[in-house]
Amino acid sequence: MSISANSPVTNLMPEKQGSENPSISLANLGAELAFLQTGAGDYLDFYWEQSKELGINLLDLVHSENEEVNFTPVDKDAYLFLLQQILTNLVPQKCQCWFHCCGILLELELTITPILPPLGRDATTLLVMGRVLQTLSRDQDNGNASNIFTPLQVGKDRNLGLQQYQKLVNQITRNVRRTLNIDIIWQQTVDDLGKSLGLERCIICPYQPSDNKLKAIAEYRQPNIKSILGLEIDLASESIFTQALTTLEPIFQLGTGNSIFEQKQVLVVATCHQDEPNGLIAATLSDESYIPTTAELVFVKDLADQLGTAIAHAILYQELSIARQEAEDASHLKSEFLANVSHEIRTPLNGMIGFLKLILDGMADDPEEQRQFLLEAHKSSLHLLDVINDILDFARIEAGKMEIELRSVKLDELFNDVESFMRMQAEQKNLSFQIQMPETSDEVMVYGDYQRLKQVMLNLVGNAIKFTHEGGITISADVVLKKIIFDDQQFPGIVRLRVADTGIGVSLDKQDKLFQLFSQVDGSRTRQYGGTGLGLVISQKLVETMGGEVHFYSLGEGLGSTVTFSVPLYQQPVMVSSSEGE
């Protein structure tokens, strides 16, 4: 018969309770020591390989009323607490503990596994398998067993029994569950632990699997102890933390000289949810000679599991709250965006209708005025077309249906085309308009879609002209030679194109909204200057599709703006040195 220590046992029943002969089923398990036991500690069957060598009658061993003869744990409350935890959680546990037997103290290493009952019934029986690590006579004890099984210290009272353990767990977890504020949970937990257990210090650090460092975000400490709240802890320098995160078991050891805990007794346990760690509790003990008992470690593990679940629920609640707020904000932004777009469509449409109506009603005084009305109607129609194109482009991008035809593009042709469209607009506002090409002895070729690159440039230059009242616009480009891979091809570098203006600028705290969907830095300003507010978002998506990046820079309101974007360099040009340029 093969039994895993990691899963409950099913269908294992003693062949004959109370028999002097070892049970065949237990003897065949291959363990040095094996017994069946109830949650109350009563033995149902018993096998011990060394019983004959020690001259022990198994029948007397498990049924004698004389505790000097009986096989009993030194700390019975702690042991029974562990059995109840295993029967409740149906999760096997490993432990080391001391037992009395015939005047001998035995240190045992045990694996305790619950035996699953038929469906619908509670587990009441456990299979315990293990081995003897060491034996001590009463004279050889020297306090070993009593030190290991000293009950948990609570204030000055060290007599904490099974019910008090559970009461303390319930008290702390009840306090934790009263709130879904994660900061309150962390601080409340360290305070409850520190005060209840008489700790010198207790800290909690949140943890993510990608973390290399932890930060103490909540701390309980005695008044004479220096605070380490906010301290960053490098996992590489604190092996006890790494061990606790790996094993998900309480780890107790003496701190080292280079540790933040110095030479203190340290107990560390990971909080976890669904077997994934999400935090660490670390405590230093006031009594430097004190060693936690098995029951205390079980208590700490149980508390850490419940706290880990509470933390996971609190984080989930926070994420849901944030997601809800973001959804509400997005809904508001969409409503504002639709109102803005409706205004942008209605304005040129009203202009077209108005001027055409004047012509149809014969309100033009002469052919020249009629022609002027037609020009204004045509201008409004072009503006309306731009708005509709922006909306359609945005819809195509969101649906992933934007068509891009990538090929070599001459940079000077692109700049000349943009200049022919935009220079007149700039000069009508008395703005300077400058174009600076990279200093090369041959043409600069980029890799992209010519129409889409022109659309991006027109968007950026149009915005620069719109939001600039004095000064001017400067378009420039420079070549950065570094090999890149895009569209399964290798290119010798990138060309960084730049549109700078001396316009109204954008405050530092609002620049992150520029590239957010449906988000506008200032809705009233957008209505004041006109436009859908989609230009930068569309430009960013188009540039990213062509293997580049878009960046926005402004030192603040009234200090102008610069937008840069990059595209792959198609072929490396011959650069002009500074001496040649002179």
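Residues numbered from 1 in each chain as written. Predicted model: local features only at pLDDT ≥ 70, side-chain atom pairs only at ≥ 80, totals over all residues. Heavy atoms only, no water.

Visitor: Whenever I open this one, the overall build of the protein confuses me. Can you help?
Guide: When helices and strands are tallied, the protein shows 14 helices and 23 strands. Expressed as a percentage of its 582 residues, the buried residues of the protein come to 46%. When contacts within the protein are restricted to residue pairs at least 6 apart in sequence, those whose partners lie at least 24 apart make up 65%. Here the protein has roughly 30600 Å² of accessible surface; of this, 49% comes from carbon and sulfur atoms. (Helix = DSSP H or I, 4+ residues; strand = E, 2+ residues; numbered from the N terminus. Buried < 20%, exposed > 50% of the residue type's maximum accessible area, 1.4 Å probe, protein only. Contact = heavy atoms within 4.5 Å. Areas by Shrake-Rupley, 256 points an atom, 1.4 Å probe, with all protein chains shown as cover.)

Visitor: Before we go on, may I ask you to explain the pattern of salt bridges in this structure?
Guide: When charged atoms on two side chains of opposite charge get close, those side chains can pair. Taken as a whole, this structure holds 13 salt bridges when the rule is applied. A salt bridge links Glu-219 to Arg-201, with the shortest nitrogen-to-oxygen separation between them at 2.6 Å. Here Glu-219, found in strand 10 (residues 218–221), pairs with Arg-201, found in strand 8 (residues 199–206); they are 18 residues apart in sequence, far enough to count as distant. Taking the relative accessible area as the measure of exposure, Arg-201 reaches 10% and is therefore buried. Of the charged contacts in the structure, one is a salt bridge between Asp-478 and Arg-496, with a shortest N-O distance of 3.3 Å. On the criterion of sequence distance, the pair formed by Asp-478 in strand 18 (residues 472–480) and Arg-496 in strand 21 (residues 493–501) is long-range, its members being 18 residues apart. On the basis of relative accessible area, Arg-496 is assigned to the partly exposed category, the value being 30%. Through salt bridges with shared partners, a single ionic network connects Arg-201, Glu-219 and Arg-221. (Salt bridge = Lys/Arg side-chain N within 4 Å of Asp/Glu carboxyl O.)

Visitor: Would you mind showing me how to read the packing of aromatic side chains here?
Guide: Aromatic ring pairs are reported here in terms of the distance separating the ring centres and the angle at which the planes meet. For the coordinates displayed, the defined rule picks out 13 aromatic pairs. With centroids separated by 5.2 Å and ring planes inclined at 75 degrees, the aromatic side chains of Phe-46 and Phe-71 adopt a geometry described as edge-to-face. Placement of the pair is Phe-46 in strand 3 (residues 43–48) and Phe-71 in the loop between helix 2 (58–63) and strand 4 (72–73), with a sequence separation of 25 residues. Each member of the pair, Phe-46 as well as Phe-71, carries the same accessibility label: buried. Centroid distance Phe-355 to Phe-373: 5.8 Å. Interplanar angle 35 degrees. Geometry classified as tilted. Placement of Phe-355 in helix 8 (residues 294–360) and of Phe-373 in helix 9 (residues 367–399) is noted, with a sequence separation of 18 residues between them. Assessed through its relative accessible area of 22%, Phe-355 is described here as partly exposed. The structure contains a cluster of three or more aromatic residues connected by ring pairs, namely Phe-35, Tyr-43, Phe-46, Trp-48, Phe-71, Tyr-79 and Phe-99. (Phe/Tyr/Trp six-rings, centres within 6.5 Å; stacked < 30°, edge-to-face > 60°.)

Visitor: Would you explain the packing of helix 10 (residues 411–428) against helix 11 (residues 450–466) in this entry?
Guide: Each pair of packed helices can be described by the angle between their axes along with the distance between the axes. Relative to each other, helix 10 and helix 11 sit at 30 degrees, their axes nearing to 10 Å. Classified by the interaxial angle, the pair formed by helix 10 and helix 11 is roughly parallel. Of the two elements, helix 10 crosses helix 11, and the hand of that crossing is right-handed. Seen from helix 10, the contacting residues are Glu-413, Leu-414, Phe-415, Asp-417, Val-418, Phe-421, Met-422, Gln-425 and Ala-426; seen from helix 11, they are Tyr-450, Leu-453, Lys-454, Met-457, Leu-458, Val-461, Gly-462 and Ile-465. Of the residues that constitute the contact of helix 10 with helix 11, the class distribution is 12 nonpolar, two polar and three charged. (Axes fitted to C-alpha atoms, helices over the stretch in contact; angles between N-to-C directions. Parallel < 35°, antiparallel > 145°, perpendicular 65-115°, else oblique. Left-handed = near helix turned anticlockwise from the far one by under 90°. Nonpolar A, V, L, I, M, F, W, Y, C, P; charged D, E, K, R; others polar.)

Visitor: Got a minute to help me understand the packing of helix 9 against helix 13 (residues 535–545) in this structure?
Guide: Running from amino to carboxyl end, helix 9 crosses helix 13 at an angle of 45 degrees, the nearest separation of the two axes being 10 Å. Comparing the axis directions of helix 9 and helix 13 gives the class oblique. Read as a crossing pair, helix 9 and helix 13 show a hand that is left-handed. Across from Asp-390, Asp-393, Phe-394 and Ile-397 in helix 9, the residues of helix 13 making contact are Val-537, Ile-538, Lys-541 and Leu-542. Considering only residue class, the contact of helix 9 with helix 13 consists of five nonpolar, no polar and three charged.

Visitor: Would you explain the side chain of Gln-37 in this entry?
Guide: Here Gln-37 is to be found in strand 2 (residues 33–38). Among the polar contacts made by the side chain of Gln-37, one reaches the main-chain carbonyl oxygen of Gly-41 at a distance of 3.1 Å. Separated by 2.9 Å, the side chains of Gln-37 and Tyr-79 make a polar contact. Sequence-distant contacts of Gln-37, that is, excluding residues within four places in its chain, are made with Asp-42, Tyr-43, Leu-44, Tyr-79, Leu-83, Thr-124, Thr-125, Leu-126 and Val-128. (Polar contact = N/O pair within 3.5 Å; in protein donor to acceptor, adjacent residues only side chain to side chain.)

Visitor: Which parts of the structure should I look at to understand helix 6 (residues 182–197)?
Guide: End to end, helix 6 covers 22 Å across 16 residues, agreeing with the expected 22 Å (1.5 Å per residue, within 8%). The complete set of buried residues in helix 6 reads Ile-182, Ile-185, Trp-186, Thr-189, Val-190, Asp-192, Leu-193, Gly-194, Ser-196 and Leu-197. Phi for Gly-198, located one or two positions after helix 6, is positive at around 60 degrees. (Expected span 1.5 Å × (residues − 1).)

Visitor: Please explain the state of the cysteines as it appears in this structure.
Guide: Covalent bonding between the sulfur atoms of two cysteines is what defines a disulfide. By the definition in use, this model includes zero disulfides. Distance from the sulfur of Cys-205, which forms no disulfide, to the nearest cysteine sulfur (Cys-202) is 9.9 Å. A relative accessible area of 1% places Cys-205 in the buried class. (Disulfide = S-S within 2.5 Å.)

Visitor: Teacher, can you tell me more about helix 3 (residues 76–89) here?
Guide: Structural remark: α-helix, 3.6 residues per turn; residues separated by three or four positions point the same way. An ideal rise of 1.5 Å per residue puts 20 Å on 14 residues; helix 3 measures up with 20 Å between its terminal C-alpha atoms. Among the residues of helix 3, those classed as buried are Ala-78, Tyr-79, Leu-80, Phe-81, Leu-82, Leu-83, Gln-85, Ile-86 and Leu-87. Residue Leu-90 follows helix 3 closely and has a positive phi angle near 55 degrees.

Visitor: What's the story with the nonpolar core in this structure? I'm lost.
Guide: General note: in soluble globular proteins, nonpolar side chains tend to be found buried as a group. The biggest cluster of nonpolar side chains holds 51 residues, and the ones touching the most others in it are Trp-48, Phe-71, Tyr-79, Leu-110 and Ile-112. Per-element accounting of this core gives the leading share, eight residues, to helix 8. Those residues in contact with Tyr-79, other than ones at most four positions away along the chain, are Phe-35, Gln-37, Pro-73, Cys-97, Phe-99, Leu-110, Ile-112 and Val-128. Membership of the second largest hydrophobic core comes to 44 residues, among which are Phe-415, Leu-536, Val-537 and Val-550. (Core = buried A, V, L, I, M, F, W, Y, C linked by side-chain atoms within 4.5 Å.)

Visitor: Looking at this structure, I do not really get the environment of Leu-316. What am I missing?
Guide: Relative to the helices and strands, Leu-316 resides in helix 8. Sequence separation between Leu-316 and Leu-180 is 136 residues; the distance between their C-alpha atoms is 9.3 Å.

Visitor: Which parts of the structure should I look at to understand unusual backbone geometry?
Guide: Most peptide bonds adopt trans geometry, and most residues besides glycine take a negative phi value. One non-glycine residue, Asp-487, lies in the positive phi region at around 55 degrees. Looking at the secondary structure, you find Asp-487 in the loop between strand 19 (484–486) and strand 20 (489–491). Of note in the backbone geometry, Asp-488 takes a positive phi value of approximately 60 degrees without being a glycine. Looking at the element boundaries, Asp-488 is found in the loop between strand 19 and strand 20.

Visitor: Just to check I follow, could you spell out the confidence of the model for the protein for this structure?
Guide: Segments scoring low in pLDDT should not have their predicted coordinates read at a detailed level. Here the protein averages 78 in pLDDT, while 79% of its residues score no lower than 70. When pLDDT is averaged over each element of the protein, strand 21 comes out on top at 94 and helix 4 (residues 144–148) at the bottom at 39. In the predicted structure, residues 9–23 sits below a pLDDT of 50 and forms 34 contacts with residues beyond four places in sequence or in another chain. Across residues 141–161, confidence stays below pLDDT 50; counting only partners more than four residues off in sequence or on other chains, it has 49 contacts. (pLDDT = per-residue confidence, 0-100.)

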